[in-house]
Amino acid sequence: MNLMLLGMQGSGKGTISKLITEEFGLVPISIGELFRRSAAKGEELGLEASRYMNKGELVPDVLTIQILKNRLAEPDCKEGFILDGFPRNIKQAKALAKIAKIDAVIAIELPREECVKRLLARRVCSKCGEGYSTLLGAGDTCTKCGGKLVQRDDDKLDAINTRLEVYEKETTPLIDFYSDRLLKVSNDKSPSETYKPIKNFLAKVGKNK
Ligand code: AMP
């Protein structure tokens, strides 16, 4: 089963993605994460991408489609994957249709002001990459490895506003594009409440495959 998560940055896609992958055994693929890892290794592709990412802009389609194609070609993706952060526009959705079949799309909904609040509170471990939130009591250090918690450059207010504007203009039209296989869920409750209808929906998708 191949899935896709849509939703504004800060809407909670990462948390929901974790719950789905644990239960359905899918490979999580976050394009932002692939770029960040590539940049950390000093690869040309990642370094080029980070010039756009730091400003909150989308990375050009040609680089984005390349990094996704490379990842989907790895053997673990054959059993099913869940895409988070791709596609971000109709052009990418059309490119994706040529390289993979997507069985279902889940759109996570949360008001923009709440997304901004959650993004500003987000912290990440500079050593192991674990995510935290100051809204949930994060301090300065990672409770898993002791690394220093930092704020991503694109989680600062200017970049957040750019990212959310790009989402509203370019990514929202995907809700109609995928309307034949879509579940919309509001994430204004706890992650486990949000997850319940998703689990029921995916159980049916899995059976019909
Ligand atoms: P994320 O981790 O999903 O918030 O993504 C971080 C950044 O990676 C975005 O602000 C973009 O600069 C870049 N990015 C992630 N996915 C895409 C995509 N599908 N197309 C273009 N840029 C992307």
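Residues numbered from 1 in each chain as written. Predicted model: local features only at pLDDT ≥ 70, side-chain atom pairs only at ≥ 80, totals over all residues. Heavy atoms only, no water.

This part covers the sheet that holds strand β8 (residues 182-186). Note on sheets: strands pair through backbone hydrogen bonds, and any given pair is parallel or antiparallel. Spatial ordering of the open sheet is given by β2-β3-β1-β4-β8, a layout of five strands whose pairing is parallel. The open sheet is flanked by β2 (27-30) and β8, the only strands paired with a single partner. Averaged over neighbouring strand pairs, the angle between their axes works out to 20° when direction is ignored. Sitting on the sheet, helix α1 (residues 13-24) is in contact with β1 (3-7), β2, β3 (81-84) and β4 (104-109), with an inclination near 160° to β1. Along the sheet, helix α4 (residues 61-72) makes contact with β2 and β3, crossing β2 at roughly 165°. (Pairing = 2+ DSSP bridges. Helix = DSSP H or I, 4+ residues; strand = E, 2+ residues; numbered from the N terminus. Axes fitted to C-alpha atoms, helices over the stretch in contact; angles between N-to-C directions. Contact = heavy atoms within 4.5 Å.)

Below, the discussion takes up the nonpolar core. Counting 36 residues, the largest nonpolar core has Leu6, Ile29, Ile31, Leu68, Phe81, Leu83 and Leu96 as the members making the most contacts within it. When residues in this core are grouped by element, the largest group, five residues, is from α4. In this structure leucine 68 touches Ile29, Ile31, Leu83, Phe86, Leu96 and Ile99, once residues within four positions along its chain are discounted. Membership of the second largest hydrophobic core comes to 17 residues, among which are Ile82, Ala104, Val185 and Tyr195. (Core = buried A, V, L, I, M, F, W, Y, C linked by side-chain atoms within 4.5 Å. Buried < 20%, exposed > 50% of the residue type's maximum accessible area, 1.4 Å probe, protein only.)

Inspection of every chain in the model, using the stated rule, returns one aromatic pair. On the numbers, 5.0 Å between centres and 80° between planes, the contact of phenylalanine 177 with tyrosine 178 is edge-to-face. (Phe/Tyr/Trp six-rings, centres within 6.5 Å; stacked < 30°, edge-to-face > 60°.)

Right, let's get into the side chain of threonine 194. Mapping threonine 194 onto the fold places it in helix α9 (residues 191-208). Classification of threonine 194 by relative accessible area gives buried; the value is 0%.

With that settled, consider empty space enclosed by the protein. Summed over all chains, the structure comprises one cavity of 30 Å³ or more. Estimated volume of the largest cavity: approximately 50 Å³. Lining the largest cavity, in full, are Leu5, Leu6, Gly7, Lys13, Gly85, Phe86, Pro87, Arg88, Tyr167 and Thr171. For the lining of the largest cavity, the secondary structure elements donating two or more residues are β1 and α7 (157-171). The greatest single-element share of the lining of the largest cavity, amounting to three residues, is contributed by β1. Across the lining of the largest cavity, the residue classes break down as five nonpolar, three polar and two charged. (1 Å grid on protein atoms, 1.4 Å probe; cavity = no way out; pocket = protein on both sides within 12 Å on 5 of 7 lines; lining within 4 Å. Points joined across faces, edges and corners; volume = space filled by probe spheres on them. Nonpolar A, V, L, I, M, F, W, Y, C, P; charged D, E, K, R; others polar.)

If you trace the three strands from one edge of the open sheet to the other, you get β6-β5-β7, paired in antiparallel fashion. Strands with a single pairing partner mark the edges of an open sheet, and in this sheet they are β6 (131-133) and β7 (149-150). Across two bridges, the pairing between strand β5 (residues 122-125) and β7 is antiparallel. Bridging from a neighbouring strand, cysteine 125 pairs with leucine 149 of β7. Relative to β5, helix α6 (residues 112-121) is tilted by about 35°, and along the sheet it contacts β5 and β6.

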